[in-house]
Amino acid sequence: MTQDELKQQVAIAAIEYVKGESIIGVGTGSTVNFFIDLLADFKNDIDAAVSSSIATTERLKKIGIRVIELSEVDRIGVYVDGADEVNPQKKMIKGGGGALTREKIVAAVSDKFVCIVDDSKCVDVMGKFPLPIEVIPMARSYVARELVKMGGQPIWRQDYITDNRCEIIDIHNMNIMEPMTLEKEINNIPGVVTVGLFALRDADVVLVGKGSEVITY
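Quantities reported herein were computed from a predicted structural model and do not represent experimental measurements. Every chain's residues receive numbers from 1 upward, in the order its sequence appears when written. Side-chain atom pairs in this predicted model are given and counted only at pLDDT of 80 or more, local residue features only at pLDDT of at least 70, and totals for whole chains, interfaces and linings cover all residues. Excluded from the side-chain calculation are hydrogens and water; included are all heavy atoms of the structure.

A. Quick look at unusual backbone geometry. Even without glycine at this site, K90 takes up a positive phi of about 70°. Each helix is a run of H or I in the DSSP string that is no shorter than four residues. Each strand is a run of E no shorter than two, and both are numbered from the N terminus. Among the secondary structure elements, K90 is positioned in the loop between β5 (85-86) and β6 (92-93). Look at R165: it is not a glycine, yet its phi comes out positive at around 65°. Mapped onto the elements of the fold, R165 is located in the loop between β9 (153-156) and β10 (167-172).

See below:
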């Protein structure tokens, strides 16, 4: 199967998790886009969605799903999103598309986090995919120097501004052996908005498209 067919496959599987939920959270990325397109058939059963990015908001509105601000609700039944890497413990790297901060906030409020990926995103040790860190612009150089001390190679994502009007540093060549500890350490650097490690709030369910089947763990 092609990668797009695998993404379509896990998107179909994820629909089962939103049935019966009136308020859902929707992430960002190419795999999630397949999921959003499928939601069009269930829009009358969904009261509203909380979106993790401007791009997702526009896509949801296009198919007729009402998008609300997170401040309008105190909980979200289920949040569906992809990942750039996911390990067997359901810890993830997210933020390749730049929406990591909003994704992390929506995940924190959600009762269940369903991660949808194709099998190319599954790893034993995270870090081959560059770890995104959203930073306040004035702190970019300082944060980068601190990350070098941690053994990473920071590269500024030039000409990219997040939906929060901040910048992103991508950390290359870092083997992430203790993701929960590293997430705390990076988040404690002044000027960091958030790091794209989803270890403290990881996925509850991971759906993996592999061959002709969807593996759930």
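Okay, back to it.
B. Quick peek at helix α1 (residues 3-18). Multiplying one less than the number of residues by 1.5 Å gives the expected span of a helix. Here α1 contains 16 residues, and its C-alpha end-to-end distance of 23 Å stays within 8% of the 22 Å for a straight helix at 1.5 Å per residue. Burial in α1 covers these residues: L6, K7, Q9, V10, A11, A14, I15 and V18. Lining the buried residues of α1 we find β1 (23-26), α2 (30-39), β4 (76-81), β7 (110-118), β13 (205-210) and β14 (213-216). Looking one or two residues past α1, G20 carries a phi angle of roughly 90°, positive in sign. Partly exposed describes any residue whose relative accessible area lies between the buried limit of under 20% and the exposed limit of over 50%, with all areas from a 1.4 Å probe on protein chains only and scaled to the type maximum. Any two residues having at least one pair of non-hydrogen atoms within 4.5 Å are treated as being in contact.

C. Expanded view of the nonpolar core. For this analysis, a nonpolar core means a set of buried residues of the types Ala, Val, Leu, Ile, Met, Phe, Trp, Tyr and Cys, connected via side-chain atoms within 4.5 Å. Among the nonpolar cores identified, the biggest contains 23 residues, and I24, V26, F35, L39, V80 and I116 are the most heavily contacted of them. Secondary-structure elements contributing two or more residues to this core are α1, β1, α2, β4, β7 and β13. If we skip the residues at most four places from it in the chain, V80 touches A14, V18, G25, V26, G27, V32, F35, V114 and I116. Counting 20 residues, the second-largest nonpolar core is a separate cluster that includes V123, I133, A144 and I189.

D. Inspection of a nonpolar patch on the surface at higher detail. Patches here are clusters of residues that have more than 30% relative accessible area and form no salt bridge, with a 9 Å joining cutoff for like charges and a 5 Å cutoff for nonpolar side chains (Val, Leu, Ile, Met, Phe, Trp, Tyr). In short, Shrake-Rupley with a 1.4 Å probe defines the accessible areas, and a residue's cover is counted only from the protein chains shown. Salt bridges are counted wherever a side-chain nitrogen of Lys or Arg sits within 4 Å of a carboxyl oxygen of Asp or Glu. Together, I136, M138 and V193 line one region of the surface with nonpolar side chains, adding up to about 310 Å² of accessible area. Here I136 shows up in the loop between β8 (131-135) and α5 (140-149).

E. Structural context of the pattern of salt bridges. Under the criterion given, the structure shown has 11 salt bridges. Between R59 and D37 there is a salt bridge, with its nearest N and O atoms 3.3 Å apart. Of the two residues, R59 sits in helix α3 (residues 54-62) while D37 sits in helix α2, which places them 22 residues apart along the sequence. Assessed through its relative accessible area of 40%, D37 is described here as partly exposed.

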